[in-house]
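# Descriptive structure summary
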Amino acid sequence: MTYTGKSVNRGIIGAGIVAALVAAATPAWAALSASPDVLPGFNGTVLAVAYSGNTLYVGGDFTSVVVKGKTIARSRLAAVDARTGELLSWAPSADGRVKALAVSGSAVYAAGDFGAVSGQTRDSLAKLDAVTGAVGSFEHSVSGRPYALAAGSGRLYVGGAITAVDGQTRTRLAAFSLGRGDLDSTWKPAVDDQVETIAATTGRIYVGGKFHKVNSTSGYDRLVALEPAKGSVVTGFKPKASVITYAITAAPDGVYTAHGGQGGKANAYSAGGTLKWTATFDGDAQAIASYGNTVYVGGHFDRACKSARTGDHGVCLDGSNSRIKLAALAPADGKLQSWTANGNGIEGVLAMATTSSFGAMAAGGAFTTINGKSVKRLAQFS
């Protein structure tokens with residue numbers, strides 16, 4: 001889940017997130033430093049980040065966290081005081097990868113490849129107390145893999161490669177009541193290929209991935225807006241994304257998306273689905289977040305292209321600027337900004353979220369340095 005803004009404010013996101021993804025307005029002067037804050041380091045990939053107030057929740061493949069040289073066990077779930085950088089005692093333990101997180105009120109929802117959390121059977125989905133980490137009664141049987149979560153409109157929205165929940169057919173998308181935790185019997189949209197990301201706003205649920213048809217209807221390739229209560233297609237938003245959509249964030253001035261392809265792309269759309277601009281990179285853009293007067297993009301790219309033309313392996317054909325795994329763009333026109341926080345590695349940045357509690361952006365992934373300094377798999381810029 002993603003929060004945006006400078007004043008006090010879903011993680012589903014944030015995927016929450018995830019990543020809600022309803023952005024609050026921020027002053028035009030709001031800016032984030034390119035020097036990362038001091039946070040714990042992780043021994044495995046961070047795949048999900050979500051803010052709630054001053055707390056940053058983290059999910060992924062890790063099994064331990066390093067704080068001032070000391071190794072502390074954390075099994076694929078952890079929490080950090082985002083203001084102080086202190087590792088919190090919140091420590092539910094998942095027995096498999098956590099791919100997505102969403103925060104709603106006093107609950108943290110997790111999705112991934114796990115079968116148990118803190119010793120209690122939980123098939124790919126779990127509800128955790130945001131303070132104690134205790135496993136809630138929310139329990140469902142999931143056929144297939146969930147990859148994305150979003151909380152909004154009284155529901156937890158789930159997407160991925162799922163085919164059924166509790167024995168009931170669900171075609172890559174499902175929703176649950178945030179109150180009772182029941183499977184929603186009404187919200188049953190169907191897409192014909194994998195869902196990678198979901199973003200919840202007040203009137204729309206944005207969904208991105210590999211699909212070409214939604215509810216058996218063509219023309220909503222890889223990116224669609226759905227009605228929050230019934231799952232019907234919002235026909236006024238029809239962007240027809242040309243390549244896989246990995247991440248979505250919604251802001252007052254539009255919808256921003258991260259894509260793969262021959263080289264990666266970051267796109268900006270109007271609320272009506274009109275493409276406003278495209279920024280191109282030499283590798284996939286896998287995460288995106290909006291804060292103040294900047295759109296931040298993360299991925300496994302090393303360069304930002306000066307044109308949309310790319311060649312083999314995404315090579316920029318008309319010149320480029322070095323931007324390794326992270327880049328900043330102007331929301332009005334997609335112009336590359338001077339903000340530079342170069343990461344390293346191959347996979348790079350896989351998840352991003354912003355918070356309005358005090359002004360910060362978190363990035364998780366497989367990197368181990370930012371601007372040459374040791375920053376292991378989780379970075380925060382404030």
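Residues numbered from 1 in each chain as written. Predicted model: local features only at pLDDT ≥ 70, side-chain atom pairs only at ≥ 80, totals over all residues. Heavy atoms only, no water.

Helix and strand counts for the protein come out as zero helices and 36 strands. Here the C-alpha atoms of the protein give a radius of gyration of 19 Å, agreeing with the 21 Å that 2.2 N^0.38 yields for 382 residues. Structurally, the protein occupies a C-alpha span of about 55 × 55 × 40 Å along its principal axes. The buried share of the protein, taken over its 382 residues, is 59%. Total accessible area on the protein is roughly 13,700 Å²; 47% of this is exposed by carbon and sulfur atoms. Taken together, the 35 basic and 25 acidic charged side chains of the protein have centroids lying 3 Å from each other. (Helix = DSSP H or I, 4+ residues; strand = E, 2+ residues; numbered from the N terminus. Rg over C-alpha atoms; globule rule 2.2 N^0.38 Å. Buried < 20%, exposed > 50% of the residue type's maximum accessible area, 1.4 Å probe, protein only. Areas by Shrake-Rupley, 256 points an atom, 1.4 Å probe, with all protein chains shown as cover. Lys, Arg positive; Asp, Glu negative; His and termini not counted. Charge placed at Lys NZ, Arg CZ, Asp CG, Glu CD.)

Ordered by their spatial adjacency, three strands build an open sheet running β7-β8-β11, and the pairing between neighbours is antiparallel. Either end of the sheet is taken by a strand with one partner, and the two such strands are β7 (98-104) and β11 (125-129). This sheet shows a mean twist of 25° between the axes of neighbouring strands, independent of strand direction. Strand direction decides the pairing type here: β7 and strand β8 (residues 107-112), joined by six bridges, are antiparallel. Note on β8: the bridge partner recorded for Ala 100 is Ala 111. (Pairing = 2+ DSSP bridges. Axes fitted to C-alpha atoms, helices over the stretch in contact; angles between N-to-C directions.)

Time to look at the nonpolar core. By size, the foremost hydrophobic cluster in this structure holds 19 residues, and its most contacted members are Phe 42, Val 46, Val 49, Tyr 51, Leu 56, Val 58 and Leu 378. At the level of secondary structure, the elements contributing two or more residues to this core comprise β2 (46-52), β3 (55-60), β6 (77-81), β32 (349-355) and β33 (360-365). With three residues, β2 is the largest single contributor of residues to this core. (Core = buried A, V, L, I, M, F, W, Y, C linked by side-chain atoms within 4.5 Å.)

Think of a pair of aromatic rings as described by two things: how far the centres are apart, and how the planes are tilted against each other in angle. On inspection of all chains with the given rule, the structure shows eleven aromatic pairs. Here Phe 138 and Phe 176 contribute two aromatic rings whose centre-to-centre distance is 5.3 Å and whose plane-to-plane angle is 75°, an arrangement assigned as edge-to-face. With a gap of 38 residues between them, Phe 138 in the loop between β11 and β12 (142-143) and Phe 176 in strand β17 (residues 173-177) connect regions that are remote in the sequence. No difference in accessibility class separates Phe 138 from Phe 176, as the two residues are buried. On the numbers, 4.9 Å between centres and 70° between planes, the contact of Tyr 296 with Trp 339 is edge-to-face. With Tyr 296 in strand β28 (residues 294-299) and Trp 339 in the loop between β31 (326-329) and β32, this residue pair connects regions lying 43 residues apart in the sequence. (Phe/Tyr/Trp six-rings, centres within 6.5 Å; stacked < 30°, edge-to-face > 60°.)

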